[in-house]
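# Close look at the chain arrangement
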Amino acid sequence: MASRRLPQPAGTWIDRSHPLSFTFNGRKLSGFRGDTLASALLANGVRLVGRSFKLHRPRGVWSCGVEEPSALVDIGQGARRTPNVRTTLLPLAEGLAAESVHCWPGVGFDVGALAGACAALLPAGFYYKTFKWPNWHWFEPAIRRMAGLGRAPTAPDADHYEEVAADADVLVIGAGVAGLAAAVAAARAGARTLLLASGAQVGGALSFDADPEVAALAASARELGVRIQLRTSAFGVYDHNLVCATESVSPEGAADLPGCVLRERLWKIRARAVIAAAGALERPLLFPDNDRPGVMLASAAHKYAQAFGVACGQRAVIAANCDGAYRVAASLAAAGVEILAVVDRREGAAPIAGAAGLRVLTGTTLTAVHGARSVRGCTVAPLAGGRRERLHCDLILNAGGYAPAVHLHSQAGGKLRWVAESAMFVPDGAAPGLTSVGACAGVLARAAAVSHATEVGEALARGLAPPQAPVGGAGRSDDITRVPGVRGKQFVDLQNDVLAEDVALAARENYRSVEHLKRYTTTGMGTDQGKTSNINALILMGEYTSQTPAQVGTTRFRPPFAPVTLGTIVGRRVGALYRPLKRLPAHDWHAAQGALFETFGDWCRPAAYPRTGETLDAAAQREAATVRKCAGLFDGSPLGKLEVYGPDAARFLDLMYVGTLSTLRIGQARYGVLLNENGTLVDDGIVARLSEQRFWVNTSTAGFDRTATAFEEWLQCEYVDFKVLITPVTSRWANITVAGPRAWEWLASLGFEAALAPASMPHMTLRDSVWESHPLRVLRASFSGELGYEVNLPADHAAALLTRLWAHAEELGATLYGIEALQVMRVEKGYIHIGTDTDGTTLPGDVGLARGIERKAAPFVGHRSLLRPASRDPTRLQLVGLMPLDGRTPLPVGAQIAPEPPPALTEGHVTSSYLSPELGLPVALAMLKGGSQRTGEELRVHHLGTMIEARVVKLPFVDPAGGRVHG
Amino acid sequence: MMQLKCPWCGSRDESEFVCGGTTHLIRPDLTANDATWGEYLFFRDNPKGVHLERWRHAYGCGQWFNVARHTLTHEVLSVYAMTDPPPAHS
């Protein structure tokens with residue numbers, strides 16, 4: 001067994017008195033509280049964790065943190081399945097069940113591994129090159145099945161997520177020694193300070209060492225009131241210092257909702273100043289078969305030993321390109337791991353402190369790794385040539401140098417510069433609003449990092465410019481990475497199976513810009529976003545194109561820094577809360593009458609009131625027929641209502657509507673249409689005059705928001721000298737509509753005052769009244785074409801009026817009717833519905849509403865656009881009525897009108913279509929080229945391969961003289 | 001996400017606001033020719049630099065106001081009333 005648990009005192013994070021059992025690919029294993037899944041797997045000697053993305057190579061744990069490219073698993077089942085979880089971050093829990101991703105039938109025997117044998121067919125950009133004959137689409141399904149990572153959950157997420165907003169004077173991201181120092185200094189200078197720690201402990205890279213300086217800083221932070229937020233990782237820096245972070249809710253804090261679990265919180269933090277203290281990642285080296293299970297980052301092996309008490313192997317070889325390798329070697333040796341050699345590829349690397357007693361080979365590199373599913377040894381050779389030597393190790397550690405985590409700095413818009421001596425990119429000064437400290441600023445010397453972070457924290461707390469970072473302390477690291485002249489695959493990007501030769505191929509084929517390199521080879525993509533591959537990829541590109549890494553440059557880092565669960569972003573905006581619906585004031589009353597509710601825009605409304613066994617269409621036909629014969633009751637409460645008042649109210653409404661409204665007498669109402677500046681229809685409605693300076697404006701239900709918004713915009717931005725106030729009152733008033741020849745008889749039976757009778761109150765007039773102490777605002781108007789009363793009353797009283805009316809319905813033979821019956825009747829009358837019959841090109845003249853424009857003296861919105869030649873083109877699409885020649889076949893909405901079947905130039909389309917209960921025939925509205933001059937013409941209507949012959953008829957279909965609305 | 005300072009409500013997240021596009025546009029009158037009218041309706045400058053635009057606190061008080069914003073850095077150089085003249089730095 002190569003990897004194993006070390007004896008105490010190793011393992012400062014684990015609690016050996018608290019064992020946990022878990023399964024991996026069905027195998028029962030055990031670990032301790034405090035383990036991650038990765039540390040527990042290593043402790044159990046499990047090396048082979050998964051298979052690679054493209055070539056299905058065996059892979060193991062590579063890192064000990066967020067940068068993990070290989071050791072991903074799927075956990076949970078069904079709704080709670082979570083794919084592609086990094087084992088290196090996943091806390092071990094009792095009963096955890098994890099499965100390898102991306103292998104079938106199993107991680108040990110994987111059919112897809114045959115891909116490895118076919119690697120020659122899978123170079124960078126292979127989908128542009130191979131599998132082209134006879135047709136890529138023949139191969140695509142199989143290739144797609146073999147690609148991809150974990151499997152998505154199969155049911156809606158059962159868990160909960162929430163969102164937290166926070167603000168701070170100074171936000172510090174990262175709670176290592178530099179982050180702690182910055183936070184303490186900021187708080188000491190009086191700033192409200194928020195400190196984010198991605199793990200469950202503060203201390204960063206020192207958190208498992210019981211470091212006295214870290215302990216002192218942490219104590220100071222608590223005393224000074226720094227708000228410390230554990231398990232919270234910043235993933236994005238956005239405009240104006242908005243930082244987003246995810247918090248993994250601890251198991252103790254998670255069980256606060258019965259039946260579901262609070263999993264993660266999204267933090268949206270707005271800070272006056274942001275300090276990034278994100279640390280550094282380790283840069284691996286390239287050598288043949290550097291992806292085998294048992295090859296990993298040196299810093300990771302160090303952390304597994306110290307924090308988790310896990311030896312990742314028994315005999316290690318360290319592939320080195322930096323001084324830090326020797327510190328790791330000494331630390332591992334002390335923990336009981338035998339170090340066979342430090343193989344330092346730097347020529348003449350000076351022995352440093354801690355190297356005493358170690359076997360050091362300088363100017364030497366690994367030329368082969370032995371063992372496929374687990375490292376069994378390696379061959380090393382001097383770079384200059386010379387004798388090869390085989391080392392019988394079971395662990396190979398990469399110590400290639402530092403890669404400061406400049407991601408947040410780059411997201412914030414900061415620039416980078418290349419430090420050649422240490423082969424690393426560091427921030428080139430502070431980014432707007434964000435200052436880096438510690439290792440992510442390129443300050444690797446601890447004392448310098450602490451004092452710089454302290455100065456930065458204090459300066460930002462006081463609103464002063466932060467001091468420059470004393471970059472240094474990383475030691476010498478060569479900007480060279482691969483081994484030349486040897487056989488075998490040298491991996492740049494483990495997650496995407498990108499080889500050094502793929503980068504060479506991209507260079508040969510002129511994909512030389514870093515942005516092209518990334519997209520052509522896929523290096524730096526995927527869940528790890530190239531955290532351990534980007535720098536090596538661009539060093540290689542530099543090598544192949546004779547440029548320095550600084551000349552090659554980096555891709556711009558974009559959020560998120562690490563994968564974010566979609567549920568975390570969505571938060572509580574799921575299900576019924578995704579788009580809350582508005583309900584009628586008398587919703588429950590309608591439900592009691594058997595209403596069939598449907599969603600219309602933002603509203604949940606009765607579509608119809610079907611009797612037992614009746615379809616929606618049949619109910620709508622019955623309801624419409626009853627309204628025309630007798631009377632019906634409709635809840636029109638969502639109708640938009642505005643009050644417009646002030647000395648300039650009349651002048652303002654003339655400006656907004658096509659019609660002239662200033663000439664309305666008090667109590668009179670008029671239909672009007674609203675245009676935008678392109679002259680196209682935005683909304684229609686009825687405007688009534690309540691008094692000299694006060695108007696009642698009904699908009700369409702769907703058009704209320706855009707009408708109210710347009711009114712405000714014109715008043716506030718353009719006609720700023722107009723003295724007008726606009727009050728939206730839609731929810732204040734319910735609207736109960738009573739329509740049909742016996743509508744007045746019905747209202748009169750309830751004791752409505754005689755002044756409202758049709759004889760004394762004409763069509764298109766409005767009157768305030770009182771009924772049984774309820775104040776009423778009654779408008780005589782009609783969207784059904786029958787005698788109609790729109791009774792507006794305070795919303796709370798709607799159910800009372802409905803109940804009283806409905807008590808008289810049976811003796812009258814009246815009905816309730818819903819939206820569907822209303823649609824049937826308005827189409828019979830040829831009344832347009834804005835947004836159904838019209839679209840973003842429809843002008844008032846196209847639907848017969850241009851009357852009076854020539855005579856109108858006052859200016860109005862959209863007027864100039866109506867004077868364009870195109871607006872006056874007689875062949876524009878115009879509203880017509882259509883009926884099928886056979887008198888039977890409905891004309892489907894959306895069907896195209898053309899002499900020939902499609903594909904053909906269309907002459908128009910059907911916009912609304914219903915069976916007319918009055919005529920017993922299908923009727924339709926359509927927009928037709930030059931339609932106003934084509935009455936009587938026979939046309940062909942095409943729909944999904946069928947053709948229906950139809951005739952253009954004059955509108956309306958019902959009651960052409962219009963006598964009924966007058967009662 | 002930007003933060004804008006509503007003159008009535010103070011600093012709020014961008015998601016509470018709606019941008020109404022370029023401000024200080026002069027509307028030609030009815031006698032303008034078609035080309036001039038078309039220019040007014042459909043053509044806008046897209047500067048790399050300071051842009052004067054109008055915003056509405058749509059999910060708040062409903063107030064319209066003008067903003068001078070740098071399109072590259074999203075720096076808000078000033079917030080001023082609809083009736084105010086363009087600021088000097090434009």
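Scroll up to find the structure.
Residues numbered from 1 in each chain as written. Chains lettered and ligands numbered in written order. Predicted model: local features only at pLDDT ≥ 70, side-chain atom pairs only at ≥ 80, totals over all residues. Heavy atoms only, no water.

## Describing the overall build of chain A
Here is the rule we go by: Segments assigned H or I by DSSP are reported as helices when at least four residues long, segments assigned E as strands when at least two residues long, and all are numbered from the N terminus. Residue exposure (1.4 Å probe, protein chains only): buried if accessible area is under 20% of the type maximum, exposed if over 50%, otherwise partly exposed. Residue contacts are defined here by distance: any two heavy atoms, one from each residue, within 4.5 Å place the two residues in contact. When charges are tallied, Lys and Arg are placed among the positive residues and Asp and Glu among the negative ones, while His and the ends of the chain are skipped. Think of each charge as sitting on NZ of Lys, CZ of Arg, CG of Asp or CD of Glu.
Of the regular secondary structure elements, chain A holds 24 helices and 50 strands. Principal-axis analysis of the C-alpha atoms gives chain A an extent of 115 × 70 × 55 Å. A burial count over chain A gives 56% of its 967 residues as buried. Counting contacts in chain A only where the partners sit at least 6 residues apart, residues at least 24 apart contribute 66% of the total. Distance between charge centroids for chain A: 5 Å, based on 97 positive and 90 negative side chains.

## Concerning the interface of chain A and chain B
Condition: Buried area, as used here, totals the accessible surface that two parts lose on assembly, with accessibility defined by a 1.4 Å probe and the loss added over both. Salt bridge, as applied in this entry: a Lys or Arg side-chain nitrogen positioned within 4 Å of an Asp or Glu carboxyl oxygen. Polar contacts here mean pairs of N or O atoms no more than 3.5 Å apart (in protein, one a potential hydrogen donor and the other a potential acceptor; neighbouring residues in sequence count only if both atoms are side-chain atoms). Basically, the charged four are Asp, Glu, Lys and Arg, the nonpolar ten are Ala, Val, Leu, Ile, Met, Phe, Trp, Tyr, Cys and Pro, and anything else, Gly included, counts as polar.
Contact with chain A, which involves 22 residues of that partner, is made by 24 residues of chain B. At the boundary of chain A with chain B, total buried surface from both sides reaches about 2,100 Å², with 47% on carbon and sulfur atoms. Summed over the shared surface of chain A and chain B, the number is six salt bridges. Here chain A and chain B share 16 residue pairs in polar contact (both at pLDDT 80 or more) between them. Mapped by element, the contributors of at least two residues to the side of chain A that touches chain B are α19 (704-718) and α24 (863-866) of chain A. The greatest single-element share of the side of chain A that touches chain B, amounting to seven residues, is contributed by α19(A). Looking at the side of chain A that touches chain B, its residues break down into eight nonpolar, six polar and eight charged.

## Description of unusual backbone geometry
Residue and element names in this part refer to chain A. A cis amide bond, omega 10 degrees, links Gln8 with the succeeding residue Pro9. Within the secondary structure layout, Pro9 lies in the loop between β1 (4-5) and β2 (15-24). Between Leu955 and the following residue, Pro956, the backbone shows a cis peptide bond with an omega angle of -5 degrees. Secondary-structure assignment places Pro956 in the segment after β50 (946-953). The phi dihedral of Ser546 falls on the positive side, at around 55 degrees, and the residue is not glycine. As for its placement among the helices and strands, Ser546 is situated in the loop between α13 (534-545) and α14 (549-552). Using a relative accessible area of 71% as the deciding quantity, one classes Ser546 as exposed. Of note in the backbone geometry, Glu772 takes a positive phi value of approximately 45 degrees without being a glycine. Secondary-structure assignment places Glu772 in the loop between β41 (765-771) and β42 (774-780).

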